[in-house]
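A closer look at the structure
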Amino acid sequence: MFKNFLMFFLLSLSFSLSAAQKINGAGSTFIYPIVSKWFSEYQKTHKEVEFNYQSIGSGGGIKQVLAQTVDFGATDAPMSAEELKSAKTPIRHIPAILGAVTVTYNVKGIENGLKLDGETIANIFLGKVTKWNDTSIVKLNPKAKLPATDILVVRRSDGSGTTAVYSTFLSDASKEWKEKVGAGKNINWPAGIGAKGNEGVTAMVAQTDGAIGYVELAYAINSKLATASIKNKNGEFVAASVDSITKAGASLKDFSGDLTANVINAEGKGVYPISSFSWILLPEDAASEPLKAVRAFLGWALVDGQKFASDLHYAPLPKKMATALVKTIK
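For the structure given in this document, a descriptive report is provided here. (Residues numbered from 1 in each chain as written. Predicted model: local features only at pLDDT ≥ 70, side-chain atom pairs only at ≥ 80, totals over all residues. Heavy atoms only, no water.)

For the rest of this paragraph, the subject is the pairing of strand 1 (residues 21–27). In terms of strand pairing, strand 1 meets strand 2 (residues 49–55) through seven bridges, oriented parallel. Paired with G27 across the two strands is S55, which belongs to strand 2. Where the polypeptide runs from strand 1 across helix 2 (residues 32–45) and back to strand 2, its parallel neighbour, the crossover connection is right-handed. One ladder, built from three bridges, connects strand 1 with strand 3 (residues 72–75); its direction is parallel. Within strand 3, the position partnered with A26 by the bridge is G73. (Pairing = 2+ DSSP bridges. Helix = DSSP H or I, 4+ residues; strand = E, 2+ residues; numbered from the N terminus. Right-handed = clockwise from strand over helix to strand, strands pointing away.)

Our focus in this paragraph is the nonpolar core. The biggest cluster of nonpolar side chains holds 83 residues, and the ones touching the most others in it are W38, F125, Y166 and I212. If you tally residues by element for this core, the top one is strand 4 (residues 91–106), at eight residues. Once you skip the residues sitting within four places of it in the chain, I212 turns out to touch V103, T104, Y105, L116, I124, F125, W132, I151, L152, V153, V154 and V205. (Core = buried A, V, L, I, M, F, W, Y, C linked by side-chain atoms within 4.5 Å. Buried < 20%, exposed > 50% of the residue type's maximum accessible area, 1.4 Å probe, protein only. Contact = heavy atoms within 4.5 Å.)

The next subject is the pattern of salt bridges. With the rule as written, the count across this model stands at 11 salt bridges. With a shortest N-O distance of 3.0 Å, K37 and E41 are connected by a salt bridge. One end of the pair, K37, and the other, E41, are both in helix 2, four residues apart, so they sit about a helical turn from each other. Notably, a salt bridge pairs K292 with E289, separated by 3.2 Å at the nearest N-O pair. Taken as a pair, K292 and E289 lie in helix 12 (residues 289–301) at a separation of three residues, close to a single helical turn. When salt bridges that share partners are traced, they join K37, E41 and K44 into one network. (Salt bridge = Lys/Arg side-chain N within 4 Å of Asp/Glu carboxyl O.)

What follows covers helix 3 (residues 58–67). Among the 10 residues in helix 3, eight count as buried, and that is most of the element. Listed as buried for helix 3 are S58, G59, G60, G61, I62, Q64, V65 and L66. Once helix 3 finishes, Q68 follows within two positions and takes phi at roughly 60°, a positive value.

This brings us to the sheet that holds strand 11 (residues 237–238). Strand pairing in a sheet relies on backbone hydrogen bonds. The paired strands run either parallel or antiparallel. As summarised here, the arrangement of the three strands in space is 5-10-11, forming an open sheet in which the pairing is mixed. Each edge of the sheet is formed by a strand with only one pairing partner; in this case those strands are strand 5 (115–116) and strand 11.

Take R155: it is sitting in strand 6 (residues 152–156). This buried residue, R155, is left without a salt bridge; D158 holds the nearest opposite charge, at 8.4 Å. Non-local contacts of R155, meaning those with residues more than four positions away in its chain, are made with W189, A191, G192, I193, G194, A195, V201 and Y214. (Lys, Arg positive; Asp, Glu negative; His and termini not counted.)

Attention now moves to unusual backbone geometry. With glycine set apart, most residues show a phi of negative sign, and most peptide bonds adopt trans. Non-glycine residue Q68 carries a positive phi angle of around 60°. When you line up the elements, Q68 lands in the loop between helix 3 and strand 3.

We now examine the packing of aromatic side chains. Applying the stated rule across the entire model yields 20 aromatic pairs. Each ring, one from F30 and one from Y314, has its centre 6.4 Å from the other, and the planes form 70°; the classification is edge-to-face. In this pair, F30 sits in the loop between strand 1 and helix 2 while Y314 sits in the loop between helix 12 and helix 13 (319–329), placing the two residues 284 residues apart along the sequence. With a centroid separation of 6.2 Å and 20° between ring planes, the pair formed by Y53 and F72 is classed as stacked. Of this pair, Y53 sits in strand 2 while F72 sits in strand 3, and the two are 19 residues apart along the sequence. Counting every residue linked through ring pairs, the aromatic cluster contains Y32, F39, Y42, F51, Y53, F72, F297, W300 and F308. (Phe/Tyr/Trp six-rings, centres within 6.5 Å; stacked < 30°, edge-to-face > 60°.)

Shown next, in the form of structure tokens:
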């Protein structure tokens, strides 16, 4: 009797484990810290779902969504019209969170808050400003003891939404950058060395004296890297923070139209200018069981999941936007 019961129990357990819905996603490294937290919290009450997310960059995520090798993607730069046209099924962009791209540096004796404007940053990444005591940096930071250390530019080597956000900001700030380099997930860098993912750029800057790079805020904070205060459209030098990212998000007033609108270099007092949405790429296939599970998860992430944003150095979506998005998903 007991033996039969044990066999039944084991069979039931095996069936329960095998019945778990496996969800595969890939893309943005920018969003990885918050989605990892969301997966962990969601599974506490939804044990029937298992998540596997590859943090490979926005470009890689878009490629995998188009190849239909994952159930959803994540990107910090909207798909192009050409990419959307090549999709085998329509793909919807769902803004999931607000974050910031920081300009991070490793210079002995220079703490957080070095002041930089878009023109100067562009000239550094163009390879025109090569020393930390260059007059353009000294002019913005007259009290700082800037060394004659060589500047090492560290940038992404992979297709990156973080790069798209950053290069969009630089294109808006510098006419020369816009004409010579432009904006996009993949650009022809005029200077520097490449590293893969936010993780790779963070590690390279952390270990190299004189380095400067760009990474999502959480990576800079968790690695205790110094970050610059960036001049915004109001002429203020603003550090990236939950508050300054939130103010960038608040600049968007209409949530009924294009869900791929950006808030890069937005107008407003206290706005951090290199702020951006990060999007979940959701294929539209009503019959797909994995996608039903993804939609249920997103419904949770857009409401309950937003409370975890601040602790991980992201800003939650405006509530009106989150409410509109839940209706869109349904």
